[in-house]
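Coordinate inspection notes
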Amino acid sequence: MDRLHVYEERTGKYLSCFKHYVNSASIVVDVGCGTGAFSKALVCGKRLVITLDIERGLLKEIENPHIERICADAHHLPLTEGSVDCILALSFLEHLENPEKYLKELYRVLRHGGTAIIQLPNLQYPFEPHTKWPLLCLLPKKVSIKNLQNDRLPLCQHGGHN
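Attention in this report is confined to the structure presented alongside it. (Residues numbered from 1 in each chain as written. Predicted model: local features only at pLDDT ≥ 70, side-chain atom pairs only at ≥ 80, totals over all residues. Heavy atoms only, no water.)

The next subject is the overall build of the protein chain. What the protein chain contains, in helices and strands, is five helices and five strands. In sequence order, the protein chain lays out its α and β elements as α-β-α-β-α-β-β-α-β-α. Looking at the protein chain residue by residue over its 162 residues, the buried ones come to 37%. With the model as given, the accessible surface of the protein chain reaches about 9900 Å², and the carbon-plus-sulfur share is 54%. (Helix = DSSP H or I, 4+ residues; strand = E, 2+ residues; numbered from the N terminus. Buried < 20%, exposed > 50% of the residue type's maximum accessible area, 1.4 Å probe, protein only. Areas by Shrake-Rupley, 256 points an atom, 1.4 Å probe, with all protein chains shown as cover.)

Take a look at the structure:
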């Protein structure tokens, strides 16, 4: 099974878990969208889908006239207070320098009664989800962080391994 197929399969599984929460939303924002796999799957005529990522190059890969692309830092969402029905943050928070600040922004832009869908990788899984290093969670913190830094993964101050 190739890597792309694994991610397509994962996208399908995630969508089946949360799509019913999104169906009634008029405005959906996919924060930290990467190449927009989830955004593309959520496009429908009645819904505005907004992708937001700090990496302009990734946003350029999203070529869909029904998706609004915004290049911005998630710590400072360029959206009006209470304007969003649903926010996706999938495999995203662990990459932020200040997840708490982002969550305050998420709360600010989410309308009353809106839905936030947040997914975090299980860093205790036998294979570290970003690097696929086996049993990294069992190593002492200094060793595991050193290995992740050698793989040039951005680590946030508040997350990571214990």
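Resuming the write-up.
Let us look at unusual backbone geometry. Its identity as a non-glycine residue notwithstanding, Ser91 has a phi of 50 degrees, on the positive side. Here Ser91 shows up in the loop between strand S4 (84–90) and helix H4 (99–109).

What follows is about the sheet that holds S4. Pairing is parallel across the open sheet formed by five strands, whose spatial order is S3-S2-S1-S4-S5. Of all the strands in the sheet, the pair left with one neighbour each is strand S3 (67–71) and strand S5 (110–119). Neighbouring strand axes in the sheet, compared pairwise and without regard to direction, differ in orientation by 20 degrees on average. As defined by bridge partners, strand S1 (residues 27–31) adjoins S4 across three bridges and the pair is classed as parallel. In the strand pairing of S4, Val29 is matched with Ile87. Docked against the sheet, H4 engages S1, S4 and S5, running at close to 140 degrees with respect to S5. (Pairing = 2+ DSSP bridges. Axes fitted to C-alpha atoms, helices over the stretch in contact; angles between N-to-C directions. Contact = heavy atoms within 4.5 Å.)

Next up on the list: the pairing of S1. The side chains of a regular strand alternate, first on one face of the sheet and then on the other. With four of five residues buried, S1 is to be regarded as a mostly interior element. The pairing of S1 with strand S2 (residues 48–53) spans five bridges and is classified as parallel. Bridge assignment links Val29 to a residue of S2, and that residue is Ile50. Regarding the hand of the β-α-β motif, the stretch spanning S1, helix H2 (residues 37–42) and S2 is right-handed. (Right-handed = clockwise from strand over helix to strand, strands pointing away.)

Below, the discussion takes up the side chain of Glu94. Tracing the chain through its elements places Glu94 in the loop between S4 and H4. What makes Glu94 buried here is its relative accessible area of 14%. Engagement of the side chain of Glu94 in a polar contact is seen with the side chain of His95, the distance being 3.4 Å. (Polar contact = N/O pair within 3.5 Å; in protein donor to acceptor, adjacent residues only side chain to side chain.)

Moving on to the pattern of salt bridges. As enumerated under the stated definition, the model contains three salt bridges in all. Arg111 is the salt-bridge partner of Asp85, the closest N and O atoms lying 2.5 Å from each other. Of this pair, Asp85 sits in strand S4 while Arg111 sits in strand S5; the two residues are 26 residues apart in sequence, bridging distant segments of the chain. In this structure, the salt-bridge partner of Glu100 is Lys104, at a minimum N-O distance of 3.7 Å. Of this pair, Glu100 and Lys104 both sit in helix H4, four residues apart, roughly one helical turn. (Salt bridge = Lys/Arg side-chain N within 4 Å of Asp/Glu carboxyl O.)

Remember that the coordinates give geometry; whether it matters functionally is a separate question.
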